[in-house]
Amino acid sequence: MEQLDWKTLPFGYIKTDYNIRCRYKDGKWGKPEVSSSEYIDIHIAATGLHYGQEAFEGMKAYMGKDSKIRVFRWDENAKRLMLSAEGVKMAPVPIELFRDAVFQAIKLNKKFVPPYGSGASLYIRPLLYGSSAEVGVKPASEYTFIVFVTPVGPYFKGGVKPVNMMICRDVDRAAPLGTGTFKVGGNYAASLRALVKAKEAGFGSTIFLDAREKKYIDECGPANFFGIKDNTYITPKSESILSSITNKSLIEIAKSLGMKTERRRIPVEELSTFEETGACGTAAVISPIAKIVDADVNKIYEYCKDGMPGAVTMKLYNKLVGIQNGDVKDEFGWMTVVD
Ligand code: PLP
Ligand code: COI
């Protein structure tokens with residue numbers, strides 16, 4: 001393997017040695033198989049290609065100072081993939097199959113787990129799609145589950161460097177009774193028009209508002225939103241956002257640090273009252289927000305005026321990342337060591 005520069009890794013795809021594949025056929029899952037190919041053979045009429053019968057997960061493994069590899073809350077990702085599968089009527093992946101495939105993929109690609117202290121980690125991407133042929137709109141009878149891994153650096157350039165976000169008022173990524181709570185590919189396709197526009201205008205990402213009224217904060221592209229004020233961690237309650245495992249964990253961490261927490265609707269105007277804001281997710285970790293621009297109504301909300309992340313954001317970040325790297329006691333029992 002050509003030597004990777006761990007410290008400058010982007011959030012992108014790097015080929016690793018092996019991936020795991022498993023097929024669902026005749027009403028049952030087969031045995032997971034190891035593959036060294038990066039390609040799949042797929043039926044030209046597979047529902048995963050035509051009708052968006054597809055869901056995925058994103059999780060990370062971290063190398064500790066003690067040379068142990070730890071995986072963060074994999075069981076939550078397993079449960080969410082089951083929820084997403086039901087959301088688009090696919091065969092669910094049993095928790096044990098999910099676990100075995102994920103841990104085997106990590107073990108077989110150990111040399112790609114970035115070293116302790118590099119700021120990079122091993123991103124794990126479980127993927128499920130309808131693989132049998134249908135031309136009418138209906139669920140497939142066969143499914144394929146794949147787990148691949150790839151070493152990654154920070155999602156937003158600069159790691160914990162604050163990013164600027166643009167509020168999007170002309171695109172919805174998901175409808176209130178749609179698929180926003182599921183991690184299905186269609187939501188990401190629906191977000192691209194807004195994302196490309198935000199990137200072209202120089203922003204790190206876009207902030208979606210609730211699709212029904214356009215009054216409340218939904219989420220930040222591929223991450224949840226949070227705001228901090230009066231020693232309180234506040235995050236949106238919405239029927240169209242992904243239930244972020246990072247966000248759920250930050251709520252627990254905030255409580256452990258003596259903060260209050262609220263999950264409720266956040267009106268856009270409330271942005272002017274926050275002391276700090278940020279985006280959180282597996283890829284985003286915690287990305288502090290420097291500035292939120294709501295161009296359609298001529299409003300700019302500014303945080304981190306000195307260019308530095310806020311103190312509360314950093315406290316949350318240090319505890320989360322400390323637990324993930326194995327530096328801080330895992331008081332919540334979130335980490336699983338890969339043996
Ligand atoms: N929201 C969206 C749309 C996402 O794609 C992600 C990433 O998984 C998140 C939020 C954050 O979720 P998690 O913390 O579980 O990674
Ligand atoms: C993640 O945080 O794992 C995501 O899925 C975000 C993204 C790259 C789609």
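Note that the structure is predicted; figures quoted are calculated from it, not measured. (Residues numbered from 1 in each chain as written. Chains lettered and ligands numbered in written order. Predicted model: local features only at pLDDT ≥ 70, side-chain atom pairs only at ≥ 80, totals over all residues. Heavy atoms only, no water.)

S.K.: What is the right way to look at the packing of helix H5 (residues 245–256) against helix H6 (residues 311–325) in this model?
M.R.: In helix packing, the relevant descriptors are the interaxial angle and the interaxial distance, both defined with respect to the helix axes. The interhelical angle for the contact between H5 and H6, taken along N-to-C directions, is 115 degrees, at an axis separation of 10 Å. By the criterion of interaxial angle, the relationship of H5 to H6 is roughly perpendicular. As for the relative orientation of H5 and H6, their crossing is right-handed in sense. Residues Thr246, Leu250, Ile253, Ala254 and Ser256 of H5 form the contact with H6, whose own contacting residues are Leu316, Lys319, Leu320 and Ile323. (Axes fitted to C-alpha atoms, helices over the stretch in contact; angles between N-to-C directions. Helix = DSSP H or I, 4+ residues; strand = E, 2+ residues; numbered from the N terminus. Parallel < 35°, antiparallel > 145°, perpendicular 65-115°, else oblique. Left-handed = near helix turned anticlockwise from the far one by under 90°. Contact = heavy atoms within 4.5 Å.)

S.K.: Which parts of the structure should I look at to understand the nonpolar core?
M.R.: The tendency in soluble globular proteins is for nonpolar side chains to be buried as a group. Trp29, Val71, Phe98, Ile106, Ile124, Leu128 and Phe145 are the most contacted members of the largest nonpolar core, which totals 43 residues. Mapped onto this core, the elements with two or more residues apiece are strand E1 (19–25), strand E5 (59–63), strand E6 (69–72), helix H2 (74–87), helix H3 (95–108), strand E7 (121–130) and strand E8 (143–152). For phenylalanine 98, the contacting residues outside a window of four places in its chain are Met59, Trp74, Asn77, Ala78, Leu81, Val93, Pro126 and Phe145. (Core = buried A, V, L, I, M, F, W, Y, C linked by side-chain atoms within 4.5 Å. Buried < 20%, exposed > 50% of the residue type's maximum accessible area, 1.4 Å probe, protein only.)

S.K.: So what exactly am I meant to see when it comes to the site of ligand 2 here?
M.R.: Residues in contact with ligand 2, as listed here, are Phe11, Phe56, Gly58, Tyr123, Arg125, Tyr155, Lys183, Tyr188, Pro222, Thr282 and Ala283. Between lysine 183 and ligand 2, the recorded distance is 2.6 Å, taken from a side-chain N or O atom to an oxygen atom. In this structure, threonine 282 approaches ligand 2 through a main-chain N or O atom, which is 3.5 Å from an oxygen atom. Calculation on ligand 2 without its partners gives an accessible area of 280 Å², and the protein chains cover 90% of this total. Of the residues in the shell around ligand 2, the class split is 7 nonpolar, 2 polar and 2 charged. (Near = heavy atom within 4 Å. Polar contact = N/O pair within 3.5 Å; in protein donor to acceptor, adjacent residues only side chain to side chain. Areas by Shrake-Rupley, 256 points an atom, 1.4 Å probe, with all protein chains shown as cover. Nonpolar A, V, L, I, M, F, W, Y, C, P; charged D, E, K, R; others polar.)

Note that every value here comes from positions in space, so none of it alone points to a role or purpose.
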